[in-house]
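Tertiary structure, described
Read off the chains here:
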Amino acid sequence: MSKLLSELRERRPLVHCMTNIVVANFQANGLLALGASPVMADAPEEAGEMAAAASCTVLNIGTLHRESLEAMEMAGKAANGAGNPVVLDPVGAGATQFRRDAVSRLLGAVDVTLIRCNAGELAAIAGVDWQASGVDAGDGDMDTETVAAEVARQYGCVVAVTGETDALTDGQRIVRISGGHPVMSRITGAGCLLSAVCGAFLSVGKDDPFRSVAAALALYKAAGERAAETSSLPGSFLSAFIDRLALLGEEDFAVPEPAEEVRA
Amino acid sequence: MSKLLSELRERRPLVHCMTNIVVANFQANGLLALGASPVMADAPEEAGEMAAAASCTVLNIGTLHRESLEAMEMAGKAANGAGNPVVLDPVGAGATQFRRDAVSRLLGAVDVTLIRCNAGELAAIAGVDWQASGVDAGDGDMDTETVAAEVARQYGCVVAVTGETDALTDGQRIVRISGGHPVMSRITGAGCLLSAVCGAFLSVGKDDPFRSVAAALALYKAAGERAAETSSLPGSFLSAFIDRLALLGEEDFAVPEPAEEVRA
Amino acid sequence: MSKLLSELRERRPLVHCMTNIVVANFQANGLLALGASPVMADAPEEAGEMAAAASCTVLNIGTLHRESLEAMEMAGKAANGAGNPVVLDPVGAGATQFRRDAVSRLLGAVDVTLIRCNAGELAAIAGVDWQASGVDAGDGDMDTETVAAEVARQYGCVVAVTGETDALTDGQRIVRISGGHPVMSRITGAGCLLSAVCGAFLSVGKDDPFRSVAAALALYKAAGERAAETSSLPGSFLSAFIDRLALLGEEDFAVPEPAEEVRA
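Residues numbered from 1 in each chain as written. Chains lettered and ligands numbered in written order. Predicted model: local features only at pLDDT ≥ 70, side-chain atom pairs only at ≥ 80, totals over all residues. Heavy atoms only, no water.

Looking at an unreviewed UniProt entry, chain A carries the name Hydroxyethylthiazole kinase, with the source organism given as Bhargavaea ginsengi. Its UniProt record, at the heading Cofactor (unreviewed entry), says of chain A: "Mg(2+)". One UniProt comment on chain A, placed under Pathway (unreviewed entry), says "Cofactor biosynthesis; thiamine diphosphate biosynthesis; 4-methyl-5-(2-phosphoethyl)-thiazole from 5-(2-hydroxyethyl)-4-methylthiazole: step 1/1." (UniProt positions renumbered as here; feature names shortened; annotations may be inferred.)

**A look at the relation of the copies chain A and chain C**
Overlaying chain A with chain C gives an RMSD of 0.0 Å, the required rotation being 120 degrees about an axis along which the chain moves by 0.0 Å. As the rotation angle and translation indicate, the two copies are arranged about a three-fold axis. Using C-alpha coordinates, one finds that chain A approaches the rotation axis most closely at isoleucine 21 of chain A, a distance of 3.3 Å. Little of the interface of chain A is mirrored in chain C, where only 7% of its interface residues are also at the interface. (Least-squares fit on C-alpha atoms with pLDDT ≥ 70 in both. Contact = heavy atoms within 4.5 Å.)

**Remarks on the pattern of salt bridges**
Here the idea is simple: oppositely charged side chains can pair when their charged atoms come close. Scanning the entire structure with this criterion turns up 39 salt bridges over all chains. Residue glutamate 46 of chain C pairs with arginine 99 of chain B through a salt bridge whose shortest N-O separation is 2.8 Å. Pair noted here: glutamate 46 of chain C is in the loop between β2 (37-40) and α3 (47-53) and arginine 99 of chain B is in helix α5 (residues 97-109), and the two residues belong to different chains. Of the residues examined, arginine 99 of chain B reaches a relative accessible area of 0% and is grouped as buried. Put simply, arginine 173 of chain B and aspartate 170 of chain B hold a salt bridge, and the shortest N to O gap is 2.7 Å. With relative accessibility at 31%, the residue arginine 173 of chain B sits in the partly exposed group. A single salt-bridge network, built from bridges that share partners, covers Glu45 and Glu67 of chain A together with Arg66 of chain C. (Salt bridge = Lys/Arg side-chain N within 4 Å of Asp/Glu carboxyl O. Helix = DSSP H or I, 4+ residues; strand = E, 2+ residues; numbered from the N terminus. Buried < 20%, exposed > 50% of the residue type's maximum accessible area, 1.4 Å probe, protein only.)

**A short note on empty space enclosed by the protein**
Following the criterion strictly, the structure yields two cavities of 30 Å³ or more and no others. Reported here for the largest cavity is a volume of approximately 560 Å³. Lining the largest cavity are 32 residues, with Asn25 and Leu238 of chain A, Asn25 of chain B together with Asn25 and Leu238 of chain C sitting closest to its centre. Residue assignment for the lining of the largest cavity shows that the elements contributing at least two residues are α2 (24-34) and α10 (234-247) of chain A, α2 (24-34) and α10 (234-247) of chain B together with α2 (24-34) and α10 (234-247) of chain C. One number sums up the size of the second largest cavity: a volume of about 30 Å³. Together, Ile21 and Thr63 of chain B together with Cys17, Met18, Thr19, Met40, Ala41 and Asp42 of chain C line the second largest cavity. For the lining of the second largest cavity, the per-class residue count stands at five nonpolar, two polar and one charged. (1 Å grid on protein atoms, 1.4 Å probe; cavity = no way out; pocket = protein on both sides within 12 Å on 5 of 7 lines; lining within 4 Å. Points joined across faces, edges and corners; volume = space filled by probe spheres on them. Nonpolar A, V, L, I, M, F, W, Y, C, P; charged D, E, K, R; others polar.)

**Some thoughts on the nonpolar core**
Membership of the largest hydrophobic core comes to 297 residues, with the highest contact counts inside it found for Phe201 and Phe241 of chain A, Phe201 and Phe241 of chain B together with Phe201 and Phe241 of chain C. Those residues in contact with phenylalanine 201 of chain A that lie beyond four places of it in its chain are Leu4, Leu5, Leu8, Leu34, Ser212, Ala215, Ala216 and Leu219 of chain A. (Core = buried A, V, L, I, M, F, W, Y, C linked by side-chain atoms within 4.5 Å.)

**Details of the interface of chain B and chain A**
With 30 residues of chain B at the interface, the matching set in chain A holds 29 residues. When the two sides are added together, the surface that chain B and chain A hide from each other amounts to roughly 2300 Å², 53% of it contributed by carbon and sulfur. Here chain B and chain A share four salt bridges between them. Of the charged contacts in the structure, one is a salt bridge between arginine 66 of chain A and glutamate 67 of chain B, with a shortest N-O distance of 2.7 Å. In this structure, the connection of chain B to chain A is made through 13 residue pairs in polar contact (both at pLDDT 80 or more). A total of seven residues in the side of chain B that touches chain A trace back to one element, the largest contributor, which is α2 of chain B. The residue makeup of the side of chain B that touches chain A, split by class, is 16 nonpolar, seven polar and seven charged. (Buried area = accessible area lost by both parts, 1.4 Å probe. Polar contact = N/O pair within 3.5 Å; in protein donor to acceptor, adjacent residues only side chain to side chain.)

**Notes on the packing of aromatic side chains**
Residues and elements named next belong to chain A. Considering all chains together, one arrives at six aromatic pairs over all chains under this definition. When the centroid spacing of 5.0 Å and the interplanar angle of 85 degrees are considered together, the rings of tyrosine 220 and phenylalanine 241 count as edge-to-face. Here tyrosine 220 is found in helix α9 (residues 209-230), whereas its partner phenylalanine 241 is found in helix α10, with 21 residues between them in sequence. Neither residue differs from the other here; tyrosine 220 and phenylalanine 241 are each classed as buried. Connected via pairs of aromatic rings, a cluster forms that spans Tyr220, Phe237 and Phe241. (Phe/Tyr/Trp six-rings, centres within 6.5 Å; stacked < 30°, edge-to-face > 60°.)

**Some words on α2 of chain C**
The α-helix winds at 3.6 residues per turn, so residues separated by three or four positions along the chain end up facing the same way. In terms of burial, α2 of chain C is a largely internal element, ten of the eleven residues being buried. Every buried residue of α2 of chain C is listed here: Ala24, Phe26, Gln27, Ala28, Asn29, Gly30, Leu31, Leu32, Ala33 and Leu34 of chain C.

**Considering the packing of helix α6 (residues 119-126) of chain C against helix α7 (residues 144-155) of chain C**
Residue and element names in this part refer to chain C. Where α6 contacts α7, the two axes come as close as 10 Å, and the packing angle between them is 50 degrees. Between α6 and α7, the angle is such that the two are oblique. Judged by the twist between their axes, the crossing of α6 over α7 is left-handed. Contacts between α6 and α7 pair Leu122, Ile125 and Ala126 from the former with Thr144, Val147, Ala148, Val151 and Tyr155 from the latter. Taken together, the residues of the contact of α6 with α7 break down into seven nonpolar, one polar and no charged. (Axes fitted to C-alpha atoms, helices over the stretch in contact; angles between N-to-C directions. Parallel < 35°, antiparallel > 145°, perpendicular 65-115°, else oblique. Left-handed = near helix turned anticlockwise from the far one by under 90°.)

**Points about the environment of aspartate 252 of chain C**
All names here are of chain C. Here aspartate 252 lies in the loop between α10 and β11 (260-261). Owing to a relative accessible area of 22%, aspartate 252 belongs among the partly exposed residues under this scheme. Separated by 108 residues in sequence, aspartate 252 and threonine 144 place their C-alpha atoms 28 Å apart. A distance of 3.4 Å separates a polar atom in the side chain of aspartate 252 from a polar atom in the side chain of arginine 226.

**Examining the relation of the copies chain B and chain A**
In screw terms, the move from chain B to chain A is a rotation of 120 degrees and a rise of 0.0 Å along the axis, fitting with an RMSD of 0.0 Å. Of the interface residues in chain B, just 7% have counterparts in chain A that sit at the interface too, so the contact is made through distinct surfaces.

**A few points about the interface of chain A and chain C**
Contacts between the two partners involve 30 residues from chain A, matched on the other side by 29 residues from chain C. Taking both partners together, chain A and chain C bury about 2300 Å²; carbon and sulfur atoms supply 54% of that area. Joining chain A to chain C, the criterion identifies four salt bridges. At the boundary of chain A with chain C, the tally comes to 13 residue pairs in polar contact (both at pLDDT 80 or more). Put simply, the parts of the chain that give the side of chain A that touches chain C at least two residues each are α2, β2 (37-40), α3 (47-53) and α10 of chain A. The element contributing the most residues to the side of chain A that touches chain C is α2 of chain A, with seven residues. Of the residues that constitute the side of chain A that touches chain C, the class distribution is 16 nonpolar, seven polar and seven charged.

**With respect to the UniProt feature "binding site: ATP" (unreviewed entry) in chain A**
All names here are of chain A. Mapped onto the present numbering, the UniProt feature "binding site: ATP" (unreviewed entry) falls at Arg116 and Thr162. Spatially, the listed residues are clustered: although they cover 47 residues, their C-alpha atoms lie within 7.3 Å of one another. Using a relative accessible area of 4% as the deciding quantity, one classes arginine 116 as buried. In this structure arginine 116 touches Leu88, Asp89, Pro90, Ala160, Thr162, Gly191, Cys192, Leu194, Ser195 and Cys198, once residues within four positions along its chain are discounted. Engagement of the side chain of arginine 116 in a polar contact is seen with the side chain of aspartate 89, the distance being 3.1 Å. Among the secondary structure elements, threonine 162 is positioned in the loop between β8 (158-161) and β9 (166-169). With relative accessibility at 14%, the residue threonine 162 sits in the buried group. Excluding residues that lie within four positions of it along the chain, threonine 162 makes contacts with Arg116, Cys117, Asn118, Leu194 and Leu217. There is a polar contact of 2.7 Å between the side chain of threonine 162 and the side chain of arginine 116.

Okay, here's the thing in structure tokens:
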């Protein structure tokens, strides 16, 4: 049983989200329900200062602009300088050249602790051929876990590829987390909020990012399952899911052990 | 009975919304619930590429900026080039000179498939004297259907003027759709989401825009009515409405036949 | 019993919110539920025109950018010129230098009617030493009411420092409003929407800002209490709170009389 959730609720870490206009509200409410403290600040004039003051910074390119990209680079570097974890959520990475370039620039300039993405976004980062569709996972032929492990080794970070089953790897170990509910793919921001929740767990567990993110993924799947018991229709699920993030205790989810080693 | 809804759910069209900070989340959740796939991208660096890749682009000027206006023009032209439908939602068109100019610029540069507006916004586009009030319909004296038909002929598009009763015209035919519930005027984004829903229907029925939009309007009224049975208070109606967009089937709404011809 | 709420619902004032991407939707829905008409417009090209046309303008720096700050100054001056009240919500004022400078610039250029803030934001405005944490109130040692009264006198405005108990002062009189529910600190935008609700009340009661804001604060506490009877979990509370803003009548809240004079 992970003690991270109680530590999170006790310390109430400040999670700095540089995020998109679609999910900002849902992310903030989800973090507050969980017990963290969200702050959104993406102007170049303050992003670095906020990142240094926060416990963790989440870079989300969902509705990116030239100026917010610049601010994200500044914030990522400031977080690095302060020894704070950085989460990259490469929303729709393969959808346009602008997003491909942005992800490449951020991964080049910032030491990222975690990349939280779907399969299509992973393919875009790894340069694997893939049929992307906007910000959805899309379709393609790829050994997701092998590619994820390669990306993890290349950038010296943890990679979480989430979907029906999540795969988490640090390049050496891999852990799979199943659960959740199909309605989670019918609401907007499920992945974006998950990135922020991972950021909250990394804030209190930055000494072991792999294990901290595993706990975040497991909690999230459990919250989805429980919320879907209240309603599996998307509108009422949204409320129920926020409620569950507030209600869930450490006894409600199990953090799986790494199941196997990946080929180096 | 329209087959468009099942086709929409099968094809899951990518609807590109260039939209405002107030309704982005509601639009995305509404499109997902309905069965479409939303994507928001309004940077000039990527708006055109996204519009070409998407099935339909929706231009919404609710919280417009100089740069997003530029991006909208680029996206509209790219959608035109790719043969994709374009929806214009001229939010608060009469409220400021900036919005009047923006609508005029977009209608001049882009072949719009559908203008989805309220009576006050129609008046602003047509240059009819009107007492606007922010983004509300406001008050004035205008033969809405005649003016809508004129605007439709002028821009070679379909015009939907929505409110208690919707009027849809292609300049020759007119159809009126009633139903819905008064609480729909007490939530934000009801019109904005409707524009996006029309975009989703146009994505699968672009060969007959008039009929596709009629189906979208009829579905939307039906969803509002059903949701109001769950709750007619605005907060809980919001959830119920998203739920209904997911639940509604083709048997739940009738697409009315054009009732009469308008005077040319 | 205050008659302001019925007047608000009758006149349906246009409240111009220059606001952040996190709470824009919640603010708009809250204002609509209450009976006001929200409009969001923060481009420099139109902010002044919108502010002159609206009944009240709310300046919220939650996700501020250089350009929106410029637009806020223009809007504030235009509102002043039109004799319309201006509300300043200095979100996270102490969190970064950019925010401190922004608040100082706005207070220097615009005659603000009301500052609605939390204790940490008040400390930042007053230059009192304080341990801020993002956009939360944070911790520190300050006689809140004395400092609030000083700030009120300095800027010739009304100051509302809200939290578990609200303190409202015009520099001479003080009134305390208790009530509400702890879950209100677990949802995002509770303070931001409150600023907008104050703006709606100021729109219909600008001849007596102190009393109008007192009514807004009392209504808001009552709405929170009632909504928490439906659910004290944050996700379902959000819906219930919007519902309550629509349901509440003048008989449901009492506007407290100023309890004492503050030392000048």
